[in-house]
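# Structure assessment
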Amino acid sequence: MASVLQNILTGNKFIGIELFSIDNKERYAYLEVQRKKNSLEGNQQELYNSLDELKNQASKSPAVIAINNQHVLQKEIAGSDSNDKKLLHKAFPNIKLEDFYYEISRLGTVSLIAICRKNYVDEQIEKLSKSFKITAVSLGVCTVVTIADFLKDETITTNTHTINFGGIEGVLVSEVAGSNTYSINGLDIKSQWLLPFAAVLAGILSTGATSGSITDINTTLFETFKQKSFFDKTLKFGVGLVLGLLLVNFLLFSHYFKKANEIETTLSMNKVDIERIGKLREQIKDKEQKLESFAVNTSSKSSLLINNIASLVPPSILLSELTYHPVEKRIKDDEQIQLQDSIIVISGQILSNEDFTDWVSKTESLEGIKNITITSFGKEDNKTQFSLKAALQ
């Protein structure tokens, strides 16, 4: 059931993007993969010279990025100890862990370790998140281990490296890029898009082929994507459900109204039946008033505002509730629904106070928002929880 729900949230289209450098010039390898039954098909493969060109491929499908440029340091060492930090300090003895993300790929009796400064990785995620739904990040060529078992070739080339899987050791042979085509379970992938494909496959299979601190940010990115995807899909479902209910109510109203007219004509001289018809009319009128009250408060303008609020939520904020026009008091059958007009209540938890403050400020500046009041903020079960109320103009 969990896998079915995840498939619904992620969809069948996946995007892989590699940031790599050639002659100190940034380039982007873009790959689009379609999942059909039990196989993958490549839809589109492009190389771009700038981020502005890449933005033309903006998509809401899950996207993984492989940062493989001059900002990433890669080092191959002997040994494949299960302790990540031992391998990391063996390759980079003087590294300050708080400043770097790292990823480790174990290839036979050697390990490939890639590191990159956190501020650079976070900056790239922020830039690409404006056009893509980022679900994972990989460093260097570490993710090639994902496709090692699917390849018949002992030596492969990427945009930046030649890698040898032959013998008992996987070796980073050189930094000379080449152009070849590889068959992976019947799917032909050129070397320029081999790394993006490996990153996509790692996300689909969820094998955990690599390790390191990069997995922490990947967990946050994927959970954020799932929450936003769930919110978007349930919002669309909710709108469809409301329209369906409106249609059903309209049909019921038409049916009972017609029936009431027939009864009124047939039993016009029967006082008892006339009283019964009068009560039926009152019930219909009451339903019509409730329906009109609900319809007035459900408009396209409110949906747009909610979408704008949701789009500003950074990865460090996890929403647990977003209620538009919350109910004033408990709903009763014989009373009109009382709503808190022009109010949105938002609750959740945060990982970064700075991101929270920035998000509140940006949200308050949205068109249609009058002001925002933080109603609660504090730690609960070692997690920082918040609740705020947005007043609408």
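Heads up: these notes are all about the structure in this document. Note that this is a predicted model, so its numbers are computed, not measured.

## Notes on the overall build of the chain
- The helix and strand tally for the chain stands at nine helices and 18 strands.
- Counting across all 393 residues of the chain, residues that qualify as buried make up 40%.
- Counted over contacts in the chain with a minimum sequence separation of 6, partners at least 24 positions apart contribute 61%.
- For the chain, the accessible area works out to roughly 22,300 Å², and carbon and sulfur atoms hold 51% of it.

## A look at helix α4 (residues 118–129)
- For α4, which comprises 12 residues, the first-to-last C-alpha distance of 16 Å matches the rise-based estimate of 16 Å (1.5 Å per residue) to within 8%.
- Those residues of α4 lying buried are Y120, V121, Q124, I125 and L128. When α4 is viewed along its axis, its buried side chains cluster within an angular range of 135° and face the same direction. Away from the buried face of α4 by more than 90 degrees, exposed residues N119 and E126 are located.

## Some points on a nonpolar patch on the surface
- Together, L247, F250 and L251 make up an exposed nonpolar region whose accessible area comes to about 320 Å².
- Turning to its location among the elements, L251 is positioned in helix α6 (residues 214–266).

## Focus: the packing of aromatic side chains
- Per the counting criterion, the structure on display carries seven aromatic pairs.
- Here Y30 and Y48 contribute two aromatic rings whose centre-to-centre distance is 6.5 Å and whose plane-to-plane angle is 70°, an arrangement assigned as edge-to-face. Note that Y30 is positioned in strand β2 (residues 25–36) and Y48 in strand β3 (residues 39–48), a separation of 18 residues in sequence.
- For Y48, a relative accessible area of 12% translates into the label buried.
- Residue Y30 is classed as buried on the basis of its relative accessible area, which comes to 1%.
- One aromatic cluster is present, formed by F356, W359, F377 and F386 through successive ring pairs.

## What to know about unusual backbone geometry
- In this model, N24 sits at a positive phi of 65°, which is unusual for a non-glycine residue.
- Relative to the assigned elements, N24 resides in the loop between β1 (13–22) and β2.
- Positive phi, normally seen in glycine, also occurs at N185, with a value near 55°.
- In this structure, N185 sits in the loop between β12 (181–184) and β13 (187–190).
- Among the residues examined, N185 registers a relative accessible area of 66% and is labelled exposed.

## Concerning the sheet that holds strand β5 (residues 73–78)
- Across the sheet, which stays open at both edges, the four strands sit in the order β5-β7-β6-β14 with antiparallel pairing between neighbours. In this open sheet, the two strands that pair with only one neighbour each are β5 and β14 (210–211).
- Judged from the two bridges that link them, strand β6 (residues 100–107) and β14 form a sheet pairing that is antiparallel. Looking at the pairing, S105 lines up with T210 of β14.
- Most of the contacts of helix α3 (residues 84–91) go to β6, to which it runs at about 100°, and overall it touches β5, β6, β7 (110–117) and β14.
- Packing of α4 onto the sheet brings it into contact with β6 and β7, and relative to β7 it is tilted by some 75°.

Cut-offs and rules
Residues numbered from 1 in each chain as written. Predicted model: local features only at pLDDT ≥ 70, side-chain atom pairs only at ≥ 80, totals over all residues. Heavy atoms only, no water. Helix = DSSP H or I, 4+ residues; strand = E, 2+ residues; numbered from the N terminus. Buried < 20%, exposed > 50% of the residue type's maximum accessible area, 1.4 Å probe, protein only. Contact = heavy atoms within 4.5 Å. Areas by Shrake-Rupley, 256 points an atom, 1.4 Å probe, with all protein chains shown as cover. Expected span 1.5 Å × (residues − 1). Arc of directions from axis to C-beta. Patch = residues over 30% accessible without salt bridge, like charges linked within 9 Å, V, L, I, M, F, W, Y side chains within 5 Å. Salt bridge = Lys/Arg side-chain N within 4 Å of Asp/Glu carboxyl O. Phe/Tyr/Trp six-rings, centres within 6.5 Å; stacked < 30°, edge-to-face > 60°. Pairing = 2+ DSSP bridges. Axes fitted to C-alpha atoms, helices over the stretch in contact; angles between N-to-C directions.

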